[in-house]
Amino acid sequence: MLIERFIAAYMKYKTSEYFTFEHHGEIDPPRPPDEPIHLYIHIPFCAQLCPYCSFHRLAYEEDSARLYFQALKKELVMYHDIGFRFSGVYIGGGTPTILMDELRDVLERIQKLFSPREISIETNPDRLDRDTLVSLADNGVKRVSVGVQSFNDEILRRVGRYEKYGNGGSLKEKLLSANGYVDTLNVDMIYNFPIQTKEMFEEDLAVLKELQPDQITFYPLMISDATRRKMEHLMGRVSYKQEKLFYQMITSTLEGLYQPNSAWCFSRKGTSMIDEYIVVSNEYAGVGSGAFGLVGGAIYANTFSLEDYMQRIAAGMLPLSAKKVFSPKEMARYTFLMELFGLSLDVGAFTSKFGTHLLSLLALECLFFLGIGGLRIHPGSIDLTKRGRYYWVTMMREFFIGVDNFRDLSREAAGIEI
């Protein structure tokens, strides 16, 4: 665990640098890239707020939600009008399917403005009814990602999902009935809950092996600083001692049945569509309150205040509230992290992007991970080894915790209860 602790500490330090924004207030819109990029859309409303979640989310109120959807559609038009083109769209939350009539309007607007090749959307188990899935497919959605997290009833009770979404048996039935409506049905799972035992996780894996959904994404439990106390009260202190064991159980159980798309996403169909749009696309724009974008070597953050978001959109302004420009070295490290999280880095593409060879910018990083057996060099590419996949899970866990900490601070500054 010594190597993993060192990697985690280093990543925590670097992520805090990445999310120290230099510019705040009114931010000029980014210039549209020459080629189509990815689009992330954030819908923050949830009927119930899960205690472990640090995404930007708000308790659902229909009137506020409808006003938000109207503003969202205007923001999409703004990006179209300044010349952005999008080849893929990921809609997350929150619960994007919380108002299906409004969501259908958003999907229609996306198709009319951008005609993307693929649309992926998140949902919860109570939204896996036939009408919802048919409507999503009819409006161009090719991938639905459903948050299951666990089939264990005790875990579901502790995190408040048992009463809302049902027990493990009913979750299994909902997934079975949801097959076949979209190209890819992804099941999101979380492992390393403080009360989770090896036996509990074996049962989760056995259910998944029986169901064999199109795709499974396994997230290690990621707790921001602000939600840590809440989770400790519900379940106890989070420990990373079992995380590696759980990850090894995942890879050994799925071997032969699934192929990895990233270090924590596995697919039966070989689809390239995964939750991490930041891996799929080098650049992406963020639409909606609290959304992030990465365009032209800079991270942009939209305002987390719903009132400010509505006001800026009404005034014809993009709701950008913070910006951080990456140095070439920072951008190279970010690319190194994300490309290899997707299992392979194209050395030629890296050289073309940065004007110099990978080793000229990141020699120490490459030598370190080669030395601990995390990378393997092939002609034209650098790939993760099996051992390296867990190293990258460790880094991505700390990266997303850092993002969540920034979200928490932004929500607190906006007067939103964490």
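Per chain, the residues get numbers from 1 upward, laid out in the order the sequence is written. Whole-chain, interface and lining totals are the exception, using all residues; otherwise, since this is a predicted model, local features are given only for residues with pLDDT of at least 70 and side-chain atom pairs are given and counted only at 80 or more. Based on all heavy atoms of the structure, the side-chain values leave hydrogens and waters out of the count.

Participant: An account of the environment of Lys386 is needed here, citing residue identities and associated values.
Facilitator: Its place among the elements puts Lys386 in helix α16 (residues 386–413). C-alpha separation for the pair Lys386 and Arg229, spaced 157 residues apart in sequence, amounts to 34 Å. Separated by 3.1 Å, the side chains of Lys386 and Glu255 make a polar contact. Counting from the N terminus, the helices are the DSSP runs of H or I reaching at least four residues and the strands are the DSSP runs of E reaching at least two. Nitrogen and oxygen atoms within 3.5 Å of one another constitute a polar contact, given that in protein one can donate a hydrogen and the other can accept it, and given that sequence-neighbouring residues count only through two side-chain atoms.

Participant: Mind laying out the side chain of His42, listing which residues take part and the relevant values?
Facilitator: Position of His42 relative to the elements: it lies in strand β2 (residues 37–43). Exposed residues in this analysis have more than 50% of their type's maximum accessible area, buried residues have under 20%, and partly exposed residues fall in between, with area computed by a 1.4 Å probe over protein chains only. What makes His42 buried here is its relative accessible area of 3%. Looking at His42, its side chain comes within polar contact range of the main-chain oxygen of His56, at 2.6 Å.

Participant: Report on the pattern of salt bridges, specifying residues and quantitative values.
Facilitator: Only one rule defines a salt bridge in this text: a Lys or Arg side-chain nitrogen within 4 Å of an Asp or Glu carboxyl oxygen. Applying the stated rule across the entire model yields 20 salt bridges. In this structure, the salt-bridge partner of Lys73 is Glu102, at a minimum N-O distance of 3.7 Å. Taken together, the positions of Lys73 in helix α2 (residues 62–81) and Glu102 in helix α3 (residues 100–114) put the pair 29 residues apart, joining distant regions of the chain. With respect to class, Lys73 is no different from Glu102; both count as buried. Across the salt bridge formed by Glu154 and Arg158, the nearest N and O atoms sit 2.8 Å from each other. With Glu154 and Arg158 both in helix α5 (residues 153–158) and 4 residues apart, the pair spans about one turn of that helix. Overall, the relative accessible area of 31% leaves Glu154 in the partly exposed class. Relative accessible area serves as the criterion here: at 31%, Arg158 is assigned to the partly exposed category. Because the salt bridges share partners, they merge into one network encompassing Glu62, Arg66, Lys73, Asp101, Glu102 and Asp105.

Participant: How would you summarise unusual backbone geometry if you had to cite specific residues and measurements?
Facilitator: In this chain, Gly93 is followed by Gly94 through a cis amide linkage whose omega measures 15°. Locating Gly94 in the fold gives a position in the loop between β5 (86–93) and α3. For Gln149, which is not a glycine, the phi torsion comes out positive at approximately 75°. Among the structural elements, Gln149 can be located in strand β7 (residues 143–149). Relative accessible area serves as the criterion here: at 11%, Gln149 is assigned to the buried category.

Participant: Would you mind going over the nonpolar core in detail, with residue names and values included?
Facilitator: Each nonpolar core is a collection of buried residues, namely Ala, Val, Leu, Ile, Met, Phe, Trp, Tyr and Cys, held together in the definition by side-chain atoms within 4.5 Å. Counting residues in hydrophobic clusters, the biggest one holds 137 residues, and the most contacted among them are Ile41, Ile91, Phe218, Phe336, Trp392 and Phe399. Take this core: its biggest share by element is 11 residues, from α16.

Participant: Any details on the sheet that holds strand β17 (residues 375–378)? Residues and values, ideally.
Facilitator: A pair of strands counts as paired when DSSP detects no fewer than two bridges linking them. Taking strand neighbours across the sheet as the criterion, the 3 strands line up as β16-β18-β17 in an open arrangement whose pairing is antiparallel. The sheet is open, and its two borders are formed by β16 (344–346) and β17, each paired with just one other strand. Within the sheet, the average angular offset between the axes of one strand and its neighbour, ignoring direction, is 20°. In this sheet, strand β18 (residues 381–384) lies alongside β16 in antiparallel orientation, the contact comprising 3 bridges. Within the sheet, the bridge partner assigned to Asp346 lies in β18 and is Ser381. Here a residue-residue contact requires only that any non-hydrogen atoms of the pair lie within 4.5 Å. Fitted lines through C-alpha atoms serve as axes, helices being fitted only where they are in contact, and the angles separating the N-to-C directions of these axes extend from 0 to 180 degrees. The sheet contacts of helix α14 (residues 347–354) involve β16 and β18, and relative to β16 the element is tilted by about 50°. Across the face of the sheet, helix α15 (residues 358–371) comes into contact with β16, β17 and β18 while running at roughly 130° to β17.

Participant: Explain the packing of helix α1 (residues 2–18) against α16 to me, using residue names and the numbers behind them.
Facilitator: At their nearest, the axes of α1 and α16 sit 8 Å apart, and the two run at 35° to each other. In this structure, α1 crosses over α16, and the sense of that crossing is right-handed. Of the residues in α16, those in contact with Ile3, Glu4, Ile7, Ala8, Met11, Lys12, Thr15 and Tyr18 of α1 are Tyr390, Tyr391, Thr394, Met395, Arg397, Glu398, Phe399, Gly402 and Val403. In the scheme used here, Gly and all other residues not listed as nonpolar or charged are polar, with Ala, Val, Leu, Ile, Met, Phe, Trp, Tyr, Cys and Pro taken as nonpolar and Asp, Glu, Lys and Arg as charged. Looking at side-chain class alone, the contact of α1 with α16 contains 10 nonpolar, 3 polar and 4 charged residues. For any pair of crossing helices, the crossing counts as left-handed if the nearer helix is rotated counterclockwise from the farther one by less than a right angle, and right-handed if it is rotated clockwise.

Participant: Which residues make up the packing of helix α7 (residues 168–177) against helix α8 (residues 198–211), and what values go with them?
Facilitator: Where α7 meets α8, the closest approach of the two axes is 11 Å, and the angle between their N-to-C directions is 20°. Comparing their axes, α8 and α7 come out roughly parallel. Helix-helix and strand crossings are classified by hand; for α7 and α8 the assignment is right-handed. Residues Lys172, Leu175 and Leu176 of α7 form the contact with α8, whose participating residues are Val207, Glu210 and Leu211. Among the residues forming the contact of α7 with α8, the class breakdown is 4 nonpolar, no polar and 2 charged. Roughly parallel means an angle under 35 degrees; roughly antiparallel, over 145; roughly perpendicular, 65 to 115; everything else is oblique.

Participant: Kindly report on the environment of Pro213, identifying the contributing residues and their values.
Facilitator: With respect to the helices, strands and loops of the structure, Pro213 is situated in the loop between α8 and β9 (215–220). A relative accessible area of 5% means that Pro213 is categorised as buried. Considering only alpha carbons, one finds Pro213 and Leu175, 38 residues apart in sequence, at a separation of 8.0 Å.

Participant: Give a description of α1 that names residues and reports values.
Facilitator: By definition here, a helix of n residues has an expected span of 1.5 Å times n minus one. For α1, which comprises 17 residues, the first-to-last C-alpha distance of 25 Å matches the rise-based estimate of 24 Å (1.5 Å per residue) to within 8%. Among all positions of α1, only Glu4, Ile7, Ala8, Met11, Lys14, Thr15 and Tyr18 are buried. Within α1, the buried residues cover an arc of 140° as seen down the axis, which keeps them to one side. Residues of α1 that are exposed and angled more than 90 degrees away from the buried face: Leu2, Arg5 and Lys12. The inward-facing, buried residues of α1 contact α10 (243–254), β14 (298–302), β15 (320–325), α13 (328–341), α15 and α16. When we speak of the arc, we mean the arc of directions from the helix axis to the C-beta atoms.

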